[in-house]
Amino acid sequence: MMELAPREKLAMLGAEALSDAELLAIFLRTGSYGTTVMVLAQQMLNEWGSLYRIMTASQEELGVMKGLGMAKITQLHAVAELGRRFFTSQLARENVMENPQVTRHYLQSVLAHQEREVFMALFLDNQHRVLQAQKMFSGSIASVEVHPREIVREALKLNAAAVILAHNHPSGIAEPSRADREITGKVGQACALLNIRLLDHLVIGHGEYTSFAERGWL
């Protein structure tokens, strides 16, 4: 049986039946001189290791590969942004405690590609729906200075009932540091004084995460 082209395979079997290379080939649309689109897609996966790394790569990083012109690079960046906006819109409709994977997907789409540490807070209403997702602090490649008072001040401004914290580790390793645990405790204490619940702190790495709540640290 002749192997189906990616678009035909998607039409017959659904998107979930496609490999990473086949999905990527659909967005690339065409190959380059002497290289088919499937070969180009596989070369990209070999070079960057995963769809995640491709979709978060900069224009400069993508531009070094032969066969990737500006049109293909802008298509990939548009697809990545579409995904981020999808998770953002989904997050606004969900009870984040009932569907925690939506929260993780959103935070990974926002934080995992950052080159420096960024500390975020999700402010929730009493039904655990997101009132606002806000980048609170930015730091270096290895640390970020966090001020619990600023987080509490923002929570009060929004009349939030609960907070979820999140920050990234540019190293890609999502294991929390001692400093991460200490600042989580300080934020939790500050929130508790005003009857605001700290529900979780997520550390985001490259394709991995750690949840303080899942580890029983809150």
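Residues numbered from 1 in each chain as written. Predicted model: local features only at pLDDT ≥ 70, side-chain atom pairs only at ≥ 80, totals over all residues. Heavy atoms only, no water.

1. Topic: the packing of helix H1 (residues 6–13) against helix H2 (residues 20–28)
Then step 1. Where H1 meets H2, the axes come as close as 9 Å, and the angle between the chain directions of the two elements is 115°. Here H1 lies roughly perpendicular to H2, going by the angle between them. By crossing handedness, the relation of H1 to H2 is classed as left-handed. Counting all contacts with H1, which are made through Pro6, Arg7, Lys9 and Leu10, the residues of H2 involved are Glu22, Ala25 and Ile26.
Then step 2. Looking at the contact of H1 with H2 residue by residue, the classes come out as four nonpolar, no polar and three charged. (Axes fitted to C-alpha atoms, helices over the stretch in contact; angles between N-to-C directions. Helix = DSSP H or I, 4+ residues; strand = E, 2+ residues; numbered from the N terminus. Parallel < 35°, antiparallel > 145°, perpendicular 65-115°, else oblique. Left-handed = near helix turned anticlockwise from the far one by under 90°. Contact = heavy atoms within 4.5 Å. Nonpolar A, V, L, I, M, F, W, Y, C, P; charged D, E, K, R; others polar.)

2. Focus: the sheet that holds strand E2 (residues 130–138)
Then step 1. Strand order in the open sheet formed by five strands is E2-E1-E3-E4-E5, with mixed pairing between adjacent strands. Only two strands of the sheet have a single partner each, and these edge strands are E2 and strand E5 (209–211). Across this sheet, the average inter-strand angle for adjacent strands is 20°, counted without regard to direction.
Then step 2. Two elements, strand E3 (residues 162–168) and strand E4 (residues 197–204), share seven bridges in a ladder whose sense is parallel. Its bridge partner lying in E4, Ala162 is registered against Arg197.
Then step 3. Across the sheet, helix H7 (residues 100–111) touches strand E1 (118–124), E2, E3, E4 and E5, and the angle it forms with E1 is around 145°.
Then step 4. Sheet strands in contact with helix H9 (residues 178–192) are E3 and E4, and its direction is about 160° off that of E4. (Pairing = 2+ DSSP bridges.)

3. A word on the packing of aromatic side chains
Then step 1. Summed over the entire model, instances satisfying the criterion amount to two aromatic pairs.
Then step 2. Ring geometry for Phe119 versus Phe137: centroids 6.1 Å apart, planes at 55°, classification tilted. Placement of Phe119 in strand E1 and of Phe137 in strand E2 is noted, with a sequence separation of 18 residues between them. Taken as a pair, Phe119 and Phe137 share a single burial class, namely buried.
Then step 3. Lying over the aromatic face of Trp217, Arg181 brings its terminal NZ or CZ to 3.8 Å of the ring centre. (Phe/Tyr/Trp six-rings, centres within 6.5 Å; stacked < 30°, edge-to-face > 60°. Buried < 20%, exposed > 50% of the residue type's maximum accessible area, 1.4 Å probe, protein only. Lys NZ or Arg CZ within 6 Å of the ring centre and 35° of its normal.)

4. With respect to the packing of helix H8 (residues 148–158) against H9
Packed helices, taken two at a time, are described by their axes: the angle between them and the distance between them.
Then step 1. Between H8 and H9, whose axes approach to 9 Å, the crossing angle comes to 40°. With respect to H9, the axis of H8 lies oblique. As for the relative orientation of H8 and H9, their crossing is right-handed in sense. Judged by residue contacts, Pro148, Ile151 and Val152 of H8 engage Ile183, Lys186, Val187, Ala190 and Cys191 from H9.
Then step 2. Residue composition of the contact of H8 with H9, by class: seven nonpolar, no polar and one charged.

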